Amino acid sequence: MERATSLVSGEEFADSILPMEDGRHPELELEVESLPEGPGSVAAAGDCGSAREECAATAGAGEDRSAAPGGDRTQETELRRHLDLLDRMQEEKGLFLQKTREELRACRQRVDLLSKQQETVAAEMARERAANNMAAVGRLQATSRRLHTELQKEQDLQSRIAAMLGETEDALWHIEIQKGRLQALRKSHHEEAEARGRSLQVHEAQQLFKEKEALEKADKNQQLRVRKSLQVQKGLGLRHQTLVEEAQRNHKVAVKFLKASLGRVRERERGEESETREHLRQRMDAVLALKNSIAASRETLRRVQAWGRARAALTERKAKAEKEAILAQGGDAFRHLVHQQRRQHLEAQRRTFQEGQELRKQEIVGRIVKEVAQEDSRKKKQRLPARAPRGRTLRDRTWSYIAHVCTGETAVASSYPLEVKAAAHPEPSWLLKADSSESVQGVAGATSGEQETLAEPEIPGLWREDYMPYQEHKEDVNQKPVGGTKMDKDILARTMAQLRRGVVHKQVALGREFKGCPFNSKPQLVHFQDFEVGKVYKKKITLVNATYTTNSCSLVGVSEDLRDFIHVSFDPPGPLSAGMSCEVLVTFKPMVNKDLEGSISFLAQTGSFSVPLKCSTRKCSVSLDKELISFGSYVVGETTSRTITLTNTGGLGTSFKFFPASEVYETDEESPPLLKISSLFTYDDKGSTSVSEQQLEGNGTSPLDTQSRKESDKMEGEEQEGTSATGGLGMFPSEQQAEITLGEITEGEIGPFSSIRVPIMFTPVTPGEVQTKFKVMFKNPKCPTLYFRATGVALDVPVWVPKPNVDLKICMYDRLYQDSVPIYTRSKVALRLKFEVCRELRGHMELLPEMGYIQAQSSYSVQLKFLPRHSLPEDAGKYFDKESRVLEAPMTIWVADQMKPVGFTVQAIVTTSDLELSPSELDFGHCTIYEAIRAEIVLYNHSLLPQEFGFVGLPKFVDIQPNDGFGTVLPLEALQLDVVFQPTKAREYSFELVCKSEVNRCFKLSCRAVGVHPPLELSHYQIKFAATSLYDTSVARLYVINSHTGASSLPRSGPRVSSEEASPVGATSFEFLLPSDLPITISPLVGTVLPGKRCLVQVAFRPVLSHEVIHEEALQILNKEIQNKLFRKDTFSQKKELWRQSLSVLRLRTRERMLQAVTSHAPQQEKQELRVSSHEYQIAQSALVRTFQAKFDKFVVPCVMASGDVKDRKGSEPLSFSPHNTLYLELWCPAVAPSIVVTSNKGKTTFDFGDIAVGHRGIKKISLQNICPEDLAVEFSVLNPSGPFALLNPFSKLCSGETQVLMLSFSPRESILAQETLDIISKKGTLTLTLTGLGVASMVSCSIEGHVLSMGYVLARESISSSFKLQNDSSLPINFSMRLESLSSTRALARQQLPQFLASPTQRTDLVGPQNHNGQSVFSVVPVEGVMEPGKAQDFTVTFSPDHESLYFSDRLQVVLFGKKISHQILLQGAAREHMMFVEGGDPLDVPVESLTVTSALDPEHREDVEELKPILLTLDYVQFDTDTPAPPATRELQVGCIRTTQPSPKKVVEFSLDSVPWLQHKGFSIEPSKGIVERGQTKTISISWVPPTDFDPDHPLMVSALLQLKGDVKETYKVIFVANVVTGP
């Protein structure tokens, strides 16, 4: 039977438990979803430990378990790694949880502290606002805002930490659940590991014994070898002596021959030296000849340059004469010269274009002739003429090539104006260089075609007059116009449009289409700044391919406005890979002085793009670094200065002048009047080109001037308002101008890209505020007028204190506080200062020194010391508020020769530092050494400041919590602390607890107690039961231990009470004093423990309803039933007498009878005892259970002790128990009511499905009832997704009293005893159902080993068959069906995805290879389906029928049992060839995917002509070890085979041969065999081995190649490439 070993793989588990972005673990939330499904998996990931033990027992009892395969060991290792990973995650989460809780606690403390500080500040603010102290109110408002901001931040932080804490706790709980689920596996695998360890120890012992025997044999052999080596050394010594003598004789002979050889070598060297000298002499002669030739060439060049200058002078004279003639006639000479220059330039371009067209036509015709000749020769070589598709005509190919080559030239030619025809015969004139500010400077050099030239053609013949192009008539050339006829132009335009449409296409890579600019430009903007007319500027830009794959670009042109000034040099580099770049050179030659903007257009494969281009002239851009200069406060008579910076960021300089805004700037008479404009901080004349010449020269007002005038008027209005506002100070404009003046630099020239600093002086005359406005005007009319203001304040008080209020915050009594008070003076002489403290505070506060001198224009610091004493409230008087404890003390500074003193105020809040402990004395009483007593104390802080405290010097038996007695007590806070006393010895304790504050004050607390050492002890003193439902039981265990085995050597050791005598050694009895009404059972209650022994005690908690309560409820129910019966009986009998008596009398009698019946039956029922199994008792119990409310009880059970054995007591005589030797057991008992119960299966919660066959399903129905009084939202635990159990009809809600039927199915997938638990969870509790079942597996074995069936090689359009068997090893009949992956319904969806050959080999999952072109399946199998009887075998036949050649035919055959379970998966492989030979082996060089295109089959002759070499790559790695032992050679193999066929063939065998074998052997290769013959249906192996030769370089791998020829029905040639390298071994 198959062994159940389902474990999670390491990679899946590590990936599944990786934390997500929010810190949670998806594995922990989904519990067991990561367990894979398939054969061998455990039936349920949530199985408990008992189920796994039961499974193992059943498997062991049923049949012998086979040896564990390697996969089991791998899974055990993975499980161990998973468990270790869970432990590490739990530890990390625990540490992180602890840190997070500490941070949350600290954050809450900070929030509370900030809240209380905010309330204190609010109260102080209200008091200060009531006192009208605005300075203090402002300060407190700033403090309140800061506290509010900090409080918000702390609250946000607290919420984030709380959320993080919750997520961490959830993750920790999930880890605990996961560990609990894997605990059983951990235990079982631990036992298996111990068993393996024991077997390994036995194996190691046996191996050690064998090694000892081998070591003894090796010692004996070593002694024999030593003896032999001694004999060999003696013989070698004699031989060595003989060889030395022979070497000496040979040395004498060699010396003689060496002398002769050295003489011949020296003679040869002398001859070579003479030859070298002769060669050097010849080179010197050649250098001298070259120098003479260079001198002659320079002289010739000088004459040519002189000739050129003479011709230029002649040209200039002719131009001047022509200009004078035109001026004499009254014409425009400049315009005539410009037009003449343009005509000559166009004529030169036209001639150049015609010559280029002629050369290109000749080149095209030559290429066409060459192609025709090559096509004719190709046709002649072919034996049989093949039909070729009709190609384009010669004329079409000619014009397409012209359109491709001449794209740029035709575009340029078409852009020329039509006036070229009129200027075909210009007048003979020469170009003129004219210097003018409005002229466009041309480039001289475009001369007429009649001028002489010194250039000669490199290839003679093309420039001859008698040269005739191929098939070109002179008459046609002369008749065609420039650029071709109109029809040719139309054809060329259409061809260009088609080419551009073909060039631009979408680019898609990996399913993504590229959108955006195909090339990025660096820089993004080509900007020519500050250019000058007549100069040439060049800039280089870089174009970077930003698309996904290769792309190319070509130049389209520049904007229409820039064609006369911009020239772009760009050589298309061809296709560029992604990220590659190319360079473009842009040349700019300005001819007009104005700004230009445009772009350079390019065309790429994915679309067009452009690079913006901008040309800007030189401008003047001036600005000031500030608009306002503030001098601050200065004493009258002082002088200070500030500087203002004027900056010109433009490329044009100008003159400037600073003067007050009230003065008028007189300009030259010729310049237009300047208008005041806005006081702008900066100005950049970017829009100057848009202003017309009339606006610049005329007297009109521009919009800019109008706006500037409005802003200037607004500024003057502000100045008038400012003057009127300061008029109360008695300042006049003349006085203001005299106080704030300009420095030495007021005017000058500012150059381009420069700055100038101008000083501004301030000399206050009278106290008050001074303000003056200045302006800066420029000679350049395009520069606006700039304005700035200067302000200052004049003071007459020489001494002042910058901090009039010195705030010492909160201060404590008897603590020294210091602060420094700075004092400043504006006086130019030294002053004497005297510091005075008010009389009431002189005993608490002082200023040091009491007298001092402050130097001129400096500062002085006085030290303030404040030591508040407890008499401060009485001494301070009116300066101290006893309720708020606020002190405000005035301080006085007396200045010599000054009547008015300078004062400041000292503020402080004075508080006490007292801490109070309550109560003042603690008495713990008697306490055993095995327990601790807790007492509460209160620490009260009387101070207004938080104080840090700590209990120091604590004895070892005392602990104070929380935080070990350290912490911070907030102002006026009462903090509760727990003092835990746990004695270590039996004695009387009397000690003091010392609490120290941060100011080193001590507060003491007296404590006393009595320690008791009882003779017995408990293993646990506290038991916490889980929440237990009614009538359910929770059991806990503990031990009563007697560790008193003998008298100790120490005088005060051993069990005793305080200082009394020790308890006697011997049996000690105990008794648990358990009240009778507790739902607790302790077994045993009474017992005796011998010295050194322990007694097991079981404590059971079973919450039940008391019998009295149930009996009373049952009686009430019974009484109600009796009353109902009597009422119905009396009603029926009284209907007959209704006509006699009235209704009132009937009711009266009925009541009397009912009362009599009740009173008569009640005594009888009280006497009767209702049985527990009675119907009324069960109804009452059910009713009480339904109405039971959950409760929590805490019970303390005392355990008393006495010396002696309980068996030795006489009769009922009690033992003498000591009240001090008493242990206490604390029990926590939560009881809850069951919310959901099982009504079927007699209320049992265990369901057994029995035996179910693998592949079948068993169903059970379970009835659940909600007995709680409210509707419940029900959730179900997740069963193992890969397990056999499944929940068919989960429901989410169960109403009160409702019964739902739950359907569960058991579908085993293997033979295994499965067990799982299903938890039904509600908010009231959890109901656990245990599911068990046994699956009987359907076992089928296959005769194919490795699950791979290789059909080998077969000729195309032939077939081959192979068979295999399937054996049914189970006791059940099995339905089977065979499925091919290529015929699967999901195959169509898989083929729509990304092709598998685009992925790496490790990521390919496709198992279906190429298919037949005729639509039939490559592989077929019979039979397709059927039934296998128990113990029988079924034969299957697989047929391989390819219809074309391919090496990668493959498919997957699946054996499906019962239409569900896949039993076996067999990989079918095969290869087909068109010819009988094949070669296997080598590294893969292609992908196992055929092309979608279908290539036409050529005839054999044509195939031989076009066949290419097929490459085969063989990589050989020679492993070199560090030891001296030689390494084995690197080996590879090639298989050459011949396919067996039934078709007649002229050749029955295949011959193969490998050339260049000697060369390969020289490189270290050994090939065997290099040639041979292969019969039909056979293969032959070619073995290749390689050993690195002596001259091999390990850093450079060896690469050689050889040709492998195969001859069969055809001849095939393979190029075998050998790549060899050396690698280092372990």
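Rules used throughout
- Residues numbered from 1 in each chain as written.
- Predicted model: local features only at pLDDT ≥ 70, side-chain atom pairs only at ≥ 80, totals over all residues.
- Heavy atoms only, no water.
- Helix = DSSP H or I, 4+ residues; strand = E, 2+ residues; numbered from the N terminus.
- Buried < 20%, exposed > 50% of the residue type's maximum accessible area, 1.4 Å probe, protein only.
- Contact = heavy atoms within 4.5 Å.
- Areas by Shrake-Rupley, 256 points an atom, 1.4 Å probe, with all protein chains shown as cover.
- Polar contact = N/O pair within 3.5 Å; in protein donor to acceptor, adjacent residues only side chain to side chain.
- Core = buried A, V, L, I, M, F, W, Y, C linked by side-chain atoms within 4.5 Å.
- Salt bridge = Lys/Arg side-chain N within 4 Å of Asp/Glu carboxyl O.
- Pairing = 2+ DSSP bridges.
- Axes fitted to C-alpha atoms, helices over the stretch in contact; angles between N-to-C directions.
- Patch = residues over 30% accessible without salt bridge, like charges linked within 9 Å, V, L, I, M, F, W, Y side chains within 5 Å.
- Expected span 1.5 Å × (residues − 1).
- Parallel < 35°, antiparallel > 145°, perpendicular 65-115°, else oblique.
- Phe/Tyr/Trp six-rings, centres within 6.5 Å; stacked < 30°, edge-to-face > 60°.
- Lys NZ or Arg CZ within 6 Å of the ring centre and 35° of its normal.
- Lys, Arg positive; Asp, Glu negative; His and termini not counted.
- Charge placed at Lys NZ, Arg CZ, Asp CG, Glu CD.
- pLDDT = per-residue confidence, 0-100.
- Disulfide = S-S within 2.5 Å.

1. Comments concerning the overall build of the chain
Turning to step 1, where the next piece is worked out: When its secondary structure is counted, the chain shows 21 helices and 77 strands.
Turning to step 2, where the next piece is worked out: For the chain, the residues scored as buried account for 33% of the 1626 residues in total.
Turning to step 3, where the next piece is worked out: Within the chain, counting contacts between residues at least 6 apart in sequence, those at least 24 apart form 73% of the total.
Turning to step 4, where the next piece is worked out: Working note: accessible area of the chain is about 99,700 Å², and carbon and sulfur atoms make up 52% of it.

2. Observations concerning the environment of R757
Turning to step 1, where the next piece is worked out: Mapping R757 onto the fold places it in strand β17 (residues 754-762).
Turning to step 2, where the next piece is worked out: Overall, the relative accessible area of 54% leaves R757 in the exposed class.
Turning to step 3, where the next piece is worked out: A sequence separation of 12 residues divides R757 from I745, and the C-alpha atoms of the two residues are 8.4 Å apart.
Turning to step 4, where the next piece is worked out: A polar atom in the side chain of R757 sits 2.9 Å from the side chain of T643.

3. Re the nonpolar core
Turning to step 1, where the next piece is worked out: Residues F1070, F1072, I1080, V1099 and L1227 are the most contacted members of the largest nonpolar core, which totals 40 residues.
Turning to step 2, where the next piece is worked out: Considering each element in turn, this core owes the most residues, 5 residues, to strand β49 (residues 1222-1232).

4. Remarks on the pattern of salt bridges
Turning to step 1, where the next piece is worked out: Throughout the structure, instances matching the rule amount to 33 salt bridges.
Turning to step 2, where the next piece is worked out: The residue R101 makes a salt bridge to E169 at a minimum N-O spacing of 3.2 Å. Of this pair, R101 sits in helix α4 (residues 70-130) while E169 sits in helix α5 (residues 134-181), and the two are 68 residues apart along the sequence.
Turning to step 3, where the next piece is worked out: In this structure E169 comes out as partly exposed when scored by relative accessible area, which is 26%.

5. Focus: the sheet that holds strand β47 (residues 1094-1101)
Turning to step 1, where the next piece is worked out: Spatially, β39-β42-β47-β45 is the arrangement adopted by the 4 strands of the open sheet, whose pairing is antiparallel. This sheet does not close on itself; its edge strands, each paired only once, are β39 (1017-1018) and β45 (1080-1083).
Turning to step 2, where the next piece is worked out: Both β45 and β47 contribute to a ladder of 4 bridges, which runs antiparallel. Each residue of the ladder has a partner; that of I1080, found in β47, is F1101.

6. A closer look at the sheet that holds strand β52 (residues 1258-1266)
Turning to step 1, where the next piece is worked out: Pairing in this open sheet of 4 strands is antiparallel, and the strands run β50-β52-β57-β55 from one edge to the other. Each having just a single partner strand, β50 (1236-1238) and β55 (1285-1287) make up the two edges of the open sheet. Taken pair by pair, the neighbouring strands of this sheet meet at an average axis angle of 35°, ignoring direction.
Turning to step 2, where the next piece is worked out: Looking at chain direction, β52 and strand β57 (residues 1299-1306) are connected through 8 bridges and run antiparallel. Opposite L1264, over in β57, you have Q1300 as the bridge partner.

7. With respect to a nonpolar patch on the surface
Turning to step 1, where the next piece is worked out: Residues L301, V304 and W307 make up a contiguous nonpolar surface patch of roughly 270 Å² in combined accessible area.
Turning to step 2, where the next piece is worked out: As for its placement among the helices and strands, L301 is situated in helix α6 (residues 183-328).

8. Digging into unusual backbone geometry
Turning to step 1, where the next piece is worked out: The omega torsion of the bond from K522 to P523 falls at 0°, within 30 degrees of zero and hence cis.
Turning to step 2, where the next piece is worked out: Within the fold, P523 resides in the loop between β3 (519-522) and β4 (526-531).
Turning to step 3, where the next piece is worked out: Here the bond from V1422 into P1423 is cis, since omega is -5°, no more than 30 degrees from zero.
Turning to step 4, where the next piece is worked out: When you line up the elements, P1423 lands in the loop between β64 (1419-1422) and β65 (1425-1428).
Turning to step 5, where the next piece is worked out: The backbone phi angle of D814 is positive, close to 60°, even though this residue is not glycine.
Turning to step 6, where the next piece is worked out: Positionally, D814 belongs in the loop between β21 (805-812) and β22 (817-825).

9. Brief notes about α6
Turning to step 1, where the next piece is worked out: End to end, α6 covers just 118 Å across 146 residues, shorter than the expected 218 Å (1.5 Å per residue, more than 12% under).
Turning to step 2, where the next piece is worked out: Within α6, burial applies to A184, L185, H189, T315, A319 and I326.

10. Topic: the packing of α5 against α6
Turning to step 1, where the next piece is worked out: At a minimum axis separation of 4 Å, α5 and α6 run at an interaxial angle of 45°. Taken together, the axes of α5 and α6 lie oblique to each other. Contact residues: K179, G180 and R181 in α5; Q183, A184 and R186 in α6.

11. Regarding the packing of aromatic side chains
Turning to step 1, where the next piece is worked out: If you walk through the whole model with that rule in mind, you get 37 aromatic pairs.
Turning to step 2, where the next piece is worked out: Centre to centre, the rings of F957 and F991 are 5.3 Å apart; their planes meet at 70°, and the pair counts as edge-to-face. Taken together, the residues span a long stretch of sequence, with F957 in the loop between β33 (947-952) and β34 (958-961) and F991 in strand β37 (residues 988-997) at a distance of 34 residues.
Turning to step 3, where the next piece is worked out: Judged by relative accessible area, F957 falls into the buried class, the value being 13%.
Turning to step 4, where the next piece is worked out: Ring pairing ties together the aromatic residues F924, F957, F981, Y989 and F991, which thus form one cluster.
Turning to step 5, where the next piece is worked out: Sitting over the face of the ring of W307, R311 holds its NZ or CZ atom 5.3 Å from the ring centroid.
Turning to step 6, where the next piece is worked out: Directly above the ring of Y1039 sits R1094, whose terminal nitrogen or CZ lies 3.9 Å from the centroid.

12. Describing the environment of L833
Turning to step 1, where the next piece is worked out: Tracing the backbone shows L833 in strand β23 (residues 831-837).
Turning to step 2, where the next piece is worked out: The class for L833 is buried, based on a relative accessible area of 0%.
Turning to step 3, where the next piece is worked out: With 63 residues separating them along the chain, L833 and A896 place their C-alpha atoms 6.5 Å apart.
Turning to step 4, where the next piece is worked out: The residues contacting L833, other than those within four sequence positions of it, are I823, E850, M851, G852, I854, I893, W894 and V895.

13. Things to note about a positive patch on the surface
Turning to step 1, where the next piece is worked out: Taken together, R832, K834, R839 and R842 make up a surface patch of like positive charges.
Turning to step 2, where the next piece is worked out: Take R839: it is sitting in the loop between β23 and β24 (845-848).
Turning to step 3, where the next piece is worked out: By relative accessible area, which is 69% here, R839 ends up exposed.

14. Observations regarding the confidence of the model for the chain
Turning to step 1, where the next piece is worked out: Residue-level pLDDT values for the chain average 76, and 75% of them are 70 or greater.
Turning to step 2, where the next piece is worked out: Confidence drops under pLDDT 50 across residues 384-391; counting only partners more than four residues distant or on other chains, this segment forms 0 contacts.
Turning to step 3, where the next piece is worked out: Throughout residues 406-480 the model reports pLDDT below 50, and contacts reaching past four residues in sequence, or to other chains, amount to 73 contacts.

15. A closer look at the state of the cysteines
Turning to step 1, where the next piece is worked out: Per the stated rule, a full pass over the model turns up 0 disulfides.
Turning to step 2, where the next piece is worked out: C1002 supplies the cysteine sulfur nearest to C995, a cysteine that is in no disulfide, at a spacing of 8.7 Å.
Turning to step 3, where the next piece is worked out: Judged by its relative accessible area of 0%, C995 is buried.

16. Brief notes about the pairing of strand β77 (residues 1611-1624)
Regular strands place side chains that alternate from one sheet face to the opposite one.
Turning to step 1, where the next piece is worked out: Of the strand pairs in this sheet, strand β70 (residues 1510-1520) and β77 are connected by 11 bridges, and their pairing is parallel. Pairing of L1513 across the sheet is with I1617, part of β77.
Turning to step 2, where the next piece is worked out: In the sheet, strand β76 (residues 1598-1607) pairs with β77 via 10 bridges, with the strands oriented antiparallel. Within β77, the position partnered with L1598 by the bridge is A1620.
Turning to step 3, where the next piece is worked out: Hairpin connection from β76 to β77: 3 residues lie between these consecutive antiparallel strands.

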